Amino acid sequence: MKILLFGALGQLGTELQATMSSLGEIAPYDIHNLNLEHTKEVKETIRALRPDVIVNASAYTAVDKAESEQDMALRVNGEIPELLADETALLHAMLIHYSTDYVFDGSKGTPYIETDEPHPLGVYGRSKLAGEEAIRAGKANYLILRTSWVYSRNRSSFVTKVLEWSLKQEVIHVVDDQVSNPTWARRLADVTARLLSKEPGFLRERSGLYHVAGNGYASRMDWARKIIELDPNRHEQKVREILPARTSDFPTPAQRPLFSALDCSQFQSTFEIPLPRWEDDLQLAMTG
Ligand SMILES: NC(=O)c1ccc[n+]([C@@H]2O[C@H](COP(=O)([O-])OP(=O)(O)OC[C@H]3O[C@@H](n4cnc5c(N)ncnc54)[C@H](OP(=O)(O)O)[C@@H]3O)[C@@H](O)[C@H]2O)c1
């Protein structure tokens, strides 16, 4: 199998390079050797390589910056996925793409399912929704995996930030009114590889959008507490107390959904791939 991977140096892309390595030949691209905004080059690369699968782990993920860089966010998250879907369709290949819980406004109060109406609160969410819609409107076989609160230990993430704070501060204030599913980048990469190890026909028949995230959900404060508790270097921590804060205590340019947990049961039953509890994956991430 020939796999073309975009976003190869991001949190997820880095993990995908490892988890997909046994599936076949991977052609990894990142912004340094191919800027996806250079659409002519992107098309030429895809047409020259003729991959069986395009995995798009690239995205404009700066949620706050997107508010002032709307055009770029829309190009990278909205228009490039459309181009990738068109090229995938021409090659009769498969497109794997990732989206976000931030397509929702967080007002539902229970975990979101795939058919819930999106209503993004900010530019990032709107741009990611545009990407989803463009892929779904096209002719390609695709799997869009909507995920949330992705972290890794190898790139800057909420987990690495909490660990940094824990070394420097005795008291940490973390919001307890934002709730979703912490998702380990390696798990998402592992799930992607497991999907791609299935028969192409099986995947084509199940082409669509699915929620894929850590099982269960937590507030950012619960998540921070667990990170600190599971830190193998706990003896080096300076932190003594983690106190709850409100989102309104830390004004940011982008508004975030408060309750954006994803219900992933559709994915698990369709593909028979279980998703571990977020706490169990965090434990693996902290010790692995
Ligand atoms: N992180 C989260 O909490 C989260 C939550 C829900 C969904 N997701 C989705 O999950 C997927 C993976 O996210 P992630 O956390 O792995 O993101 P990430 O670490 O920010 O990785 C994205 C990669 O895309 C690259 N990129 C951005 N613009 C590009 C361009 N024009 N051309 C080529 N490459 C470009 C980035 O390069 P630079 O770093 O150099 O800009 C980065 O390496 C994305 O679709 C994201 O929307 C993420």
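Please refer to the structure higher up on the page.
Below or above, wherever it landed, is the structure these notes cover. (Residues numbered from 1 in each chain as written. Predicted model: local features only at pLDDT ≥ 70, side-chain atom pairs only at ≥ 80, totals over all residues. Heavy atoms only, no water.)

1. Considerations on the overall build of the chain
Phase 1: Along the chain, the regular secondary structure elements total 10 helices and 12 strands.
Phase 2: Taken over C-alpha atoms, the radius of gyration comes to 19 Å for the chain, in line with the 19 Å a tight globule of 288 residues would show.
Phase 3: Overall size of the chain, expressed as C-alpha extent along the three principal axes, is 55 × 40 × 35 Å.
Phase 4: Out of the 288 residues in the chain, the part that is buried amounts to 52%.
Phase 5: Taking contacts inside the chain between residues at least 6 apart in sequence as the whole, the part at least 24 apart equals 80%.
Phase 6: When the accessible surface of the chain is totalled, it reaches about 13200 Å², and 48% of it is carbon and sulfur.
Phase 7: Taking the 32 positively charged and 40 negatively charged side chains of the chain as two groups, their mean positions are separated by 2 Å. (Helix = DSSP H or I, 4+ residues; strand = E, 2+ residues; numbered from the N terminus. Rg over C-alpha atoms; globule rule 2.2 N^0.38 Å. Buried < 20%, exposed > 50% of the residue type's maximum accessible area, 1.4 Å probe, protein only. Contact = heavy atoms within 4.5 Å. Areas by Shrake-Rupley, 256 points an atom, 1.4 Å probe, with all protein chains shown as cover. Lys, Arg positive; Asp, Glu negative; His and termini not counted. Charge placed at Lys NZ, Arg CZ, Asp CG, Glu CD.)

2. Topic: the packing of aromatic side chains
Phase 1: Tallying each qualifying case throughout the model produces 12 aromatic pairs.
Phase 2: With centroids separated by 6.4 Å and ring planes inclined at 90 degrees, the aromatic side chains of Phe 158 and Trp 165 adopt a geometry described as edge-to-face.
Phase 3: Taking the relative accessible area as the measure of exposure, Phe 158 reaches 13% and is therefore buried.
Phase 4: Judged by relative accessible area, which is 28%, Trp 165 ranks as partly exposed.
Phase 5: Note on Tyr 210 and Phe 267: the rings are 6.3 Å apart at their centroids and 70 degrees apart in plane angle, and the pair reads as edge-to-face. Of the two residues, Tyr 210 is situated in strand E10 (residues 208-211) and Phe 267 in helix H9 (residues 265-271); the sequence distance between them amounts to 57 residues. Grouping residues by exposure puts Tyr 210 and Phe 267 together as buried.
Phase 6: If you follow Arg 206 out to its NZ or CZ, it ends over the ring of Phe 202, 3.7 Å from the centre. (Phe/Tyr/Trp six-rings, centres within 6.5 Å; stacked < 30°, edge-to-face > 60°. Lys NZ or Arg CZ within 6 Å of the ring centre and 35° of its normal.)

3. Digging into the pattern of salt bridges
Phase 1: This model, assessed by the stated rule, comprises 14 salt bridges.
Phase 2: Where Lys 108 meets Asp 116, a salt bridge forms, and the shortest distance between an N and an O atom there is 2.7 Å.
Phase 3: Residue class for Lys 108 comes out partly exposed when judged on its relative accessible area of 36%.
Phase 4: According to the relative accessible area criterion, Asp 116 is buried, its value standing at 18%.
Phase 5: With a shortest N-O distance of 3.4 Å, Lys 226 and Glu 229 are connected by a salt bridge. Here the residue Lys 226 and the residue Glu 229 both occupy positions in helix H8 (residues 220-230), the gap between them amounting to 3 residues, near one helical turn. (Salt bridge = Lys/Arg side-chain N within 4 Å of Asp/Glu carboxyl O.)

4. Digging into the site of the ligand
Phase 1: Taken together, 23 residues are adjacent to the ligand, and Leu 12, Leu 36, Thr 61, Tyr 124 and Lys 128 come closest.
Phase 2: One nitrogen or oxygen atom from the main chain of Gly 10 is found 3.4 Å from an oxygen atom belonging to the ligand.
Phase 3: In the model, an oxygen atom of the ligand is placed 3.0 Å from a nitrogen or oxygen of the Val 150 main chain.
Phase 4: Expressed as a share of its isolated accessible area of 890 Å², the protein-covered part of the ligand is 80%.
Phase 5: Breaking the shell around the ligand down by element, the ones donating at least two residues are helix H1 (11-19), strand E4 (94-100) and helix H4 (123-137).
Phase 6: Residue contributions to the shell around the ligand peak at 3 residues, all from E4. (Near = heavy atom within 4 Å. Polar contact = N/O pair within 3.5 Å; in protein donor to acceptor, adjacent residues only side chain to side chain.)

5. A closer look at a negative patch on the surface
Phase 1: On the surface, a cluster of negative charge is contributed by Asp 71, Glu 79, Glu 82 and Asp 86.
Phase 2: On the secondary structure map, Asp 86 appears in helix H3 (residues 70-91). (Patch = residues over 30% accessible without salt bridge, like charges linked within 9 Å, V, L, I, M, F, W, Y side chains within 5 Å.)

6. As for the pairing of E4
Phase 1: Among the 7 residues in E4, 7 count as buried, and that is most of the element.
Phase 2: With 4 bridges connecting them, strand E3 (residues 53-56) and E4 associate as parallel partners. By the bridge assignment for E4, Val 55 is matched with Ile 96.
Phase 3: You can see the chain leave E3, run along H3 and come back into E4, and the turn it takes is right-handed.
Phase 4: Handedness of the β-α-β unit built from E4, H4 and strand E5 (residues 141-147) comes out right-handed. (Pairing = 2+ DSSP bridges. Right-handed = clockwise from strand over helix to strand, strands pointing away.)

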